[in-house]
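# Structural characterization, general
Listed below, chain by chain, are the residues.
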Amino acid sequence: MSDQALSLTLFTVFVLVTLGITIWASRQTKTAADFYAAGRRIHGWQNGVAISGDYMSAASFLGIAGLIALFGYDGFLYSVGWLVAYLTVLILVAELLRNSGKYTMADVLAFRMRQRPVRSAAALSTVGVSIVYLIAQMVGAGALMKLLLGLEGDTAAIGAIVGVGVLMIVYVTFGGMIGTTWVQIVKAILLMAGTVLLSFLVLAKFGFSMNKMFADAATASGKGDAFLAPGLRFDSTIELVSLGLALVLGTAGLPHILIRFYTVPTAQAARRSVNWAIGIIGSFYIMTTFLGFGAAALVGQARIREADEAGNMAGPLLAEVIGGQGTFGGDLFLAFIAAVAFATILAVVAGLTITASSSFAHDFYANVIRRGERDEAAEVKVARMTALVIGAIAIVLASFARGQNVAFLVGLAFAVAASANLPTILFSLYWKRFNTTGAVTGILVGLVGSLLLVVVGPNVMGPEGLILTGSDPLFPLENPGIVSIPLGFLAAWLGTVLSSEKASEERYEELRVRALTGLGAEEAEVAPAKAPART
Amino acid sequence: MADVRRDLATDEAVTATEAVGRDPEMVELERRHRRFVWPATAFFLIYYLALNVLAGTSPDLMGTKLFGEFTFGYLFALSQFVMAFVVAWVYTSWAKRRIDPLAADLREKLQHTRIKEAGE
């Protein structure tokens, strides 16, 4: 049996066992069925683990390790931003959101605005953010399959993305609805176990001396001490601040993370779940140090670049080297870490797809097209169709985005989320005058603005990009956050003050009472969707 | 308070909540919340952005080795994790002490009002 075949067989076994555990676990738990609908019985710690599972995607596991392995210090900045982002969630959003919403991100907006326009806009941005996020996951999954199958060339790379993308979407759409939460939990445990093990073995290789690991990584990189300092990936302060803003503000605008807070019974449980997530995610991101610098020192950049130009395969290759390249141990460990990465991606794809399709079905189809008339069968059918369409779009776009680093791509999704969703969420919760016009313009300008700036930026346009390679990019920054996030806030504010619409201040006050005290929050579940006072 | 109730007499829940919205305890709860969350947000955003600003403006400072191979930049990045853990802990204990009891009080009070109104 060749190395390749052995790795692949072991990988398949690991993946099947993981899916088996997921299905078994979801059958053991009766509450899993009503998890998304009405449960709200999930313990804070369980939700914290599930949030971690939803959050730590291919970007965290494959992308950051790759960026650190190739560029040293700069890659670690992603780890920091993605953790600190949870303070925004904890302090400004989680508890108030828990008390004022029902099923989707749009509920908080619909509470005090006119339903149809805000739900349409929120569904659109939920789908938009999710697609950008999905592209990154598909790119990661494609690179993984390419490595395991030993494929070479562009056609094979596209084939790997399409194959694995279709597989995931089919799993999520037809088999995985009930198991999604358990995919998150099983995956979070697997990912943490795999990362702790890998980190421990890396440290052991250096005689448990981080000094030696840093020194060896710096030497192996050929960059010397510059590898341990900023500047190899980012040389512009504006670019760094733009990225930083997107990372630290994006999480609080991610629909698939926000809806997790509806699964717990109280604001206190929401707070506890963020604290659990901060503990788990924080420990994980600190360990990316070992994955990244370890791979730089032990695998070497040439081999990492050969497997994937953007470094996405640094972690799995590190596992192969640690286990002993060309030995059974190496194949086994590579297969194990690849399976962990695959479970990681599957869980995130599941969370994103379900969030986006249920938002489209619930916010747009049921509330806007059917005007609130109940037809559950049709709603589920629409959700499934949406999942397929979103998956297909993500697969097509991912085959263009291959060769990009996964963490970088997810950074873009964060910029879109921070620009389109965060201004509206914050104004809804904290600004009395905010009205429907402001909410809709804020979401649309933030969404279109951030996407457009990416399209005319250096990654899509210009010599390094995909189109118009002859001309210079119209926008100089890779991550648009520093422009598009203020733009989203500005549009939401301008839309509000320029429109003649009068905000429903009574509804605002009711929202504040409900959000801060939890009063009436339980009733929100069964009360008929009541249109706010028309003005 | 009676006027408020008459204005919104269509829905008891709204009426009762609205009444609590002007309650001194609710005003106090709002004040406490506002006074904590905005300064805390400003603090962690500034502390966090300082890392990226320094990475852009002073790569030499960030690359200075403080002990062994540990650079100032890496230690500053690690301190962000400590900062996040500490801020989360401070927020949580503050909320338990200053928000939760007051919020529970208010909720209790309003539920009584609502039951009374439903009985009228």
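Residues numbered from 1 in each chain as written. Chains lettered and ligands numbered in written order. Predicted model: local features only at pLDDT ≥ 70, side-chain atom pairs only at ≥ 80, totals over all residues.

## A word on the overall build of chain B
Summing up its helical and strand segments, chain B has five helices and two strands in all. Taken from N to C terminus, the helices and strands of chain B fall in the order α-α-α-α-β-β-α. Looking at chain B as a whole, 28% of its 120 residues are labelled buried. Long-range pairs, those at least 24 residues apart, make up 57% of the contacts in chain B between residues at least 6 apart in sequence. (Helix = DSSP H or I, 4+ residues; strand = E, 2+ residues; numbered from the N terminus. Buried ≥ 20, exposed ≤ 12 C-beta atoms within 10 Å, placed from the backbone. Contact = placed C-beta atoms within 7 Å.)

## So, the overall build of chain A
Scanning chain A for helices and strands turns up 22 helices and zero strands. Along the longest, intermediate and shortest principal axes, the C-alpha atoms of chain A span 70 × 55 × 40 Å.

## What about the interface of chain A and chain B?
On the chain B side, the residues contacting the 43 residues of chain A number 47 residues. Of all the secondary structure elements, the ones that give two or more residues to the side of chain A that touches chain B are helix 5 (73-100), helix 10 (210-221), helix 11 (237-250), helix 13 (267-298) and helix 22 (505-517) of chain A. Residue classes in the side of chain A that touches chain B are distributed as 25 nonpolar, eleven polar and seven charged. (Nonpolar A, V, L, I, M, F, W, Y, C, P; charged D, E, K, R; others polar.)

## Some remarks on the packing of helix 18 (residues 406-420) of chain A against helix 21 (residues 481-498) of chain A
Residues and elements named next belong to chain A. Close contact between helix 18 and helix 21 brings their axes to 7 Å; oriented N to C, the two are set at 20°. Here helix 18 is positioned roughly parallel relative to helix 21, judged by the angle of their axes. Across the interface between the two elements, A415, A418, S419 and A420 from helix 18 touch G481, S484, I485, L487 and G488 from helix 21. Tallied by class, the residues present in the contact of helix 18 with helix 21 amount to five nonpolar, four polar and no charged. (Axes fitted to C-alpha atoms, helices over the stretch in contact; angles between N-to-C directions. Parallel < 35°, antiparallel > 145°, perpendicular 65-115°, else oblique.)

## Focus: the environment of T195 of chain A
Residue and element names in this part refer to chain A. Relative to the assigned elements, T195 resides in helix 9 (residues 180-205). Taking the number of C-beta atoms within 10 Å as the measure of exposure, T195 has 24 and is therefore buried. Here the alpha-carbon distance between T195 and G315, two residues 120 residues apart in the chain, equals 9.4 Å.

## Here's the deal with helix 10 of chain A
Count 3.6 residues to each turn of an α-helix, and residues three or four apart come out pointing the same way. Residue and element names in this part refer to chain A. Compared with the 16 Å implied by 1.5 Å per residue over twelve residues, the 16 Å span of helix 10 between its first and last C-alpha is a close match. All of the buried residues in helix 10 are M213, F214, A217, A218 and S221. Seen along its axis, helix 10 keeps its buried residues to an arc of 125°; they face one direction. (Expected span 1.5 Å × (residues − 1). Arc of directions from axis to C-beta.)

## Notes on the packing of helix 7 (residues 115-149) of chain A against helix 18 of chain A
Residues and elements named next belong to chain A. In the contact formed by helix 7 and helix 18, the axes pass within 8 Å of each other and the chain directions differ by 175°. As summarised for this structure, helix 7 and helix 18 are arranged roughly antiparallel, according to the angle between their axes. Listed contacts from helix 18 to S125, G128, V129, V132, Y133, I135, A136, V139 and G140 of helix 7 are V406, L409, V410, L412, A413, V416, A417 and A420.

## A word on unusual backbone geometry
Peptide bonds are mostly trans, and most non-glycine residues show a negative phi. Within the chain, F208 of chain A stands out as a residue other than glycine whose phi angle is a positive 55°. Counting through the fold element by element, F208 of chain A comes out in the loop between helix 9 and helix 10.

## A word on helix 22 of chain A
All names here are of chain A. For helix 22, built from 13 residues, the straight-helix expectation of 18 Å at 1.5 Å per residue is met to within 8% by its first-to-last C-alpha distance of 18 Å. Counting buried residues in helix 22 gives ten out of 13 residues, a clear majority hidden from the surface. Of the residues making up helix 22, those classed as buried are Y508, E509, E510, L511, R512, V513, R514, A515, L516 and T517. Directly beyond the C-terminal end of helix 22, a positive phi value near 80° is found at G518.

## Some details on the nonpolar core
Residue and element names in this part refer to chain A. Among the nonpolar cores identified, the biggest contains 227 residues, and Y86, I135, A295 and L318 are the most heavily contacted of them. If you tally residues by element for this core, the top one is helix 16 (residues 328-369), at 25 residues. If sequence neighbours within four positions are ignored, A295 has contacts with A65, A69, I304, A314, G315, L317 and L318. (Core = buried A, V, L, I, M, F, W, Y, C linked by C-beta atoms within 7 Å.)

## Describing the confidence of the model for chain B
Should the pLDDT be low somewhere, the predicted coordinates at that spot are not to be read in detail. Residue and element names in this part refer to chain B. Counting all residues, the mean pLDDT for chain B is 83, and 77% of those residues have values of 70 or more. The weakest mean pLDDT in chain B belongs to helix 1 (residues 2-7) at 38; the strongest belongs to strand 2 (residues 70-71) at 96. This model gives residues 1-13 a pLDDT under 50, and the stretch forms 16 contacts once residues within four places in sequence are excluded. For this predicted complex, the interface confidence comes out at an ipTM of 0.90, alongside a pTM of 0.89. (pLDDT = per-residue confidence, 0-100.)

## Focus on the confidence of the model for chain A
Mean pLDDT over chain A: 86, with 92% of residues reaching 70 or higher. Counting contacts from residues 31-38 of chain A, a segment whose pLDDT is below 50, to residues more than four positions away or on other chains yields eleven contacts.

## Observations regarding the environment of I51 of chain A
All names here are of chain A. Note on placement: I51 falls in helix 3 (residues 44-55). Since 29 C-beta atoms lie within 10 Å of it, I51 is described here as buried. In the structure, I51 is positioned 364 residues away from A415 in sequence and 20 Å away in space, judged by C-alpha atoms. Once residues lying within four places of it in the same chain are set aside, the contact partners of I51 are I257, R260, S273 and A277.

## Let's talk about the environment of F489 of chain A
Locating F489 of chain A in the fold gives a position in helix 21. Note: C-alpha distance between F489 of chain A and A418 of chain A (71 residues apart in sequence) is 9.7 Å.

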